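The chain contents come next:
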Amino acid sequence: MSEGVNDLLESVRKDSEARSQTLQRLLSAADCSAVFGQPVSSGDYTVIPAAEVAAGGGFGSGMGFGSPRMRRSGSSPAPSGSTEAGGSTEAAVEGAGGGGGGGGGAMGRPVAVIVVGPEGVEVKPVLDVTKLSITALGAFAAAAALSIKMWAKR
Amino acid sequence: MRSVRDGIERMVELQTLRGPEVIRGSLTVTPVARSVTVRVGGNRGVGGGGAVIVRSWPSAVLVSVDGRTSRVRVVNATRWAQIAIMFAALLWIYEVWSRTRERKERS
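Remember, predicted model here, so these are calculated numbers, not experimental data.

Novice: What's the story with the overall build of chain A in this structure? I'm lost.
Specialist: When helices and strands are counted, chain A shows 3 helices and 6 strands. Counting from the amino terminus, helix and strand elements in chain A follow one another as α-α-β-β-β-β-β-β-α. The burial tally for chain A puts 29% of its 154 residues in the buried class. When contacts within chain A are restricted to residue pairs at least 6 apart in sequence, long-range pairs at least 24 apart make up 58% of them. Of the roughly 9,200 Å² of accessible surface on chain A, 57% is carried by carbon and sulfur atoms.

Here it is as C-alpha cells:
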C-alpha cells in the first residue's frame, strides 16, 4: 500500500516540476527579446521589429485517498475502532489516486517598426487590419442590434 | 490594508525591460518595453492550482546623440483604433437611445 502512495507522491512531484518548467516558459514572454526582434541592417538603415506578446496558462492538480476502513486481525471479532485481547483493528487506506491538468496559450502581434537611418530614428506603427475589421464588425453589429431593439420598443 | 497591498504586489509584477542597444555612429538607440505579470496560486506541493498571465509591449525608444537622450514613444496604433471604433459604437447607441427617449416624451 505504502508503495502505491510513494508512487503517487513521486508522480505528483514530477507533475509539480513539469508545471514549474511550463510556467518558466510562459514567463519568458516577459523578456525583452520576445518584444523586440533582432535588428536587421541594410545599407544605411537598421530596422528593429517590435511586437506585443501575451501568454497565459493555468493548471490544477489534486490527489486523494480512499476512506479508511478498519481491518481486523486476530481471532476474535472486535468492535470497530477498538483494540482488545485476541484481536486488533488498524486503519487501512483503500487506494489512492491523483491527477492534474493544465492549459495555456500565447499570442504575438507586430506593433511597430523602429527605423534607424541617416535622418534619425523613426517609429512606424503597424496597423492590424484583420483585428480592426473584427472589432468594427463586432462593435457595430452590437450597436445595430441594440438600436433595433430600442427602436422596436418605441 | 497593508497586507492586501503586499498581496497584490506579490501577485502583480510590473517591469521595465531594456533591449539591446543599436549603435550607428554617434547615435545610440535603446528599445524599452513594459511587462506585466499576474500570478495566482501556484503553490508547490500536493494539490492546488494556479495561473500566470504575462503581457509585454514596446513602450519607447531611447535615442542618445552626443550625450543627449530623447524618448520616442512607440504608439500601439491598432489598440487606439480599436478604442476609437468602440467609442464610435457607444456614441451611436447613445444617439439612438436619446432620440428614442425624445420621441417617447413627445408622444
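Anyway, onward from the coordinates.
Novice: How do you make sense of the interface of chain A and chain B when you look at a structure like this?
Specialist: By convention, interface size is frequently given as the accessible area that disappears when the constituent parts associate. In this complex, chain A contributes 59 residues to the contact, which on the side of chain B involves 53 residues. Inspection of the region where chain A meets chain B yields 2 salt bridges. Between Glu52(A) and Arg79(B) there is a salt bridge whose closest N-O contact spans 3.3 Å. Applying the counting criterion to the chain A and chain B interface returns 13 residue pairs in polar contact (both at pLDDT 80 or more). Listing elements by their share of the side of chain A that touches chain B, those giving two or more residues are helix H1 (2-27), helix H2 (32-35), strand S2 (45-65), strand S5 (96-117), strand S6 (120-125) and helix H3 (129-153) of chain A. Per element, the largest residue contribution to the side of chain A that touches chain B is 17 residues, and it comes from S2(A).

About the thresholds
- Residues numbered from 1 in each chain as written.
- Chains lettered and ligands numbered in written order.
- Predicted model: local features only at pLDDT ≥ 70, side-chain atom pairs only at ≥ 80, totals over all residues.
- Heavy atoms only, no water.
- Helix = DSSP H or I, 4+ residues; strand = E, 2+ residues; numbered from the N terminus.
- Buried < 20%, exposed > 50% of the residue type's maximum accessible area, 1.4 Å probe, protein only.
- Contact = heavy atoms within 4.5 Å.
- Areas by Shrake-Rupley, 256 points an atom, 1.4 Å probe, with all protein chains shown as cover.
- Salt bridge = Lys/Arg side-chain N within 4 Å of Asp/Glu carboxyl O.
- Polar contact = N/O pair within 3.5 Å; in protein donor to acceptor, adjacent residues only side chain to side chain.

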